[in-house]
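Now for the letters of each chain:
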Amino acid sequence: KKNPFHFKELKQGKTVFIERLMKVKGGLVMNIEVNAKLLLDGRLLTFVRDISERKKNQQALAESENRLRTIYNTEPECIKILGAHGELKEMNPAGLAMMEADSLDQVKEKSVLAIINEPYRKAFQELTKKVFKGKTGALEFEITGLKGTWRWLETHAVPMKDTDGKITSLL
């Protein structure tokens with residue numbers, strides 16, 4: 001077995017953090033975190049902590065993220081996240097196709113107002129303001145895609161909030 005402690009780093013005065021699986025009494029396997037530091041007198045000080053619950057939560061979070069990312073990437077309708085001034089923060093592949101963008105990098109942080117046809121820009125701006133005040137709304141409007149294709153679109157907009165309840169963007 002490979003020694004779990006990194007003696008080179010310990011001898012340099014560094015604290016070493018490692019995660020391992022450990023079998024305990026009764027055959028139970030648990031995730032542990034070991035923090036180790038070499039003391040000046042040569043003794044090794046270690047702290048061992050059960051991180052099984054944290055690992056379980058990380059796995060659940062990763063599975064949730066994967067599930068939502070799959071929905072986001074395969075949804076045939078446009079999903080977009082906009083900032084307060086209409087700047088594009090994120091958009092799924094269906095939305096990028098609607099606006100004729102080759103990649104998110106091509107349009108990220110740029111205002112979507114540039115592709116909204118003139119008669120509808122003010123209404124789109126008003127909808128954005130409304131959403132950033134906590135309301136929801138819908139709007140039908142015309143766009144001209146980046147490659148010149150004209151389309152009618154309908155958007156349904158809701159506020160996105162952070163964990164403190166502050167509105168951070170428009171979905």
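Here's what I pulled together on the structure shown here. Predicted, not measured: the structure shown is a model, and the values here were computed from it. (Residues numbered from 1 in each chain as written. Predicted model: local features only at pLDDT ≥ 70, side-chain atom pairs only at ≥ 80, totals over all residues. Heavy atoms only, no water.)

**Side note on the environment of Val158**
Okay, step 1: Checked against the element boundaries, Val158 lands in the loop between strand 7 (150-157) and strand 8 (159-161).
Okay, step 2: Residue classification places Val158 among the partly exposed positions, given a relative accessible area of 34%.
Okay, step 3: Residues Val158 and Lys37, spaced 121 residues apart in sequence, show a C-alpha to C-alpha distance of 51 Å.
Okay, step 4: Setting aside chain neighbours within four positions, we find Val158 in contact with Val131, Thr136, Ser169, Leu170 and Leu171. (Helix = DSSP H or I, 4+ residues; strand = E, 2+ residues; numbered from the N terminus. Buried < 20%, exposed > 50% of the residue type's maximum accessible area, 1.4 Å probe, protein only. Contact = heavy atoms within 4.5 Å.)

**Remarks on the pairing of strand 1 (residues 16-23)**
Okay, step 1: When strand 1 meets strand 2 (residues 29-38), the two strands line up antiparallel, connected through eight bridges. By the bridge assignment, Leu21 is partnered in strand 2 with Asn31.
Okay, step 2: Hairpin connection, strand 1 to strand 2: the antiparallel pair is bridged by five residues, and Gly26 has positive phi, about 85°. (Pairing = 2+ DSSP bridges.)

**Brief notes about the side chain of Glu142**
Okay, step 1: Relative to the helices and strands, Glu142 resides in strand 6 (residues 137-144).
Okay, step 2: Of the buried charged residues, Glu142 lacks a salt bridge, with Arg121 as the closest side chain of opposite charge at 10 Å.
Okay, step 3: Within the local environment of Glu142, its side chain forms a polar contact with the side chain of Trp150, the two groups lying 3.4 Å apart.
Okay, step 4: Look past the residues within four positions of Glu142 in its chain and what remains in contact with it is Ile115, Ile116, Asn117, Tyr120, Trp150, Arg151 and Trp152. (Lys, Arg positive; Asp, Glu negative; His and termini not counted. Salt bridge = Lys/Arg side-chain N within 4 Å of Asp/Glu carboxyl O. Polar contact = N/O pair within 3.5 Å; in protein donor to acceptor, adjacent residues only side chain to side chain.)

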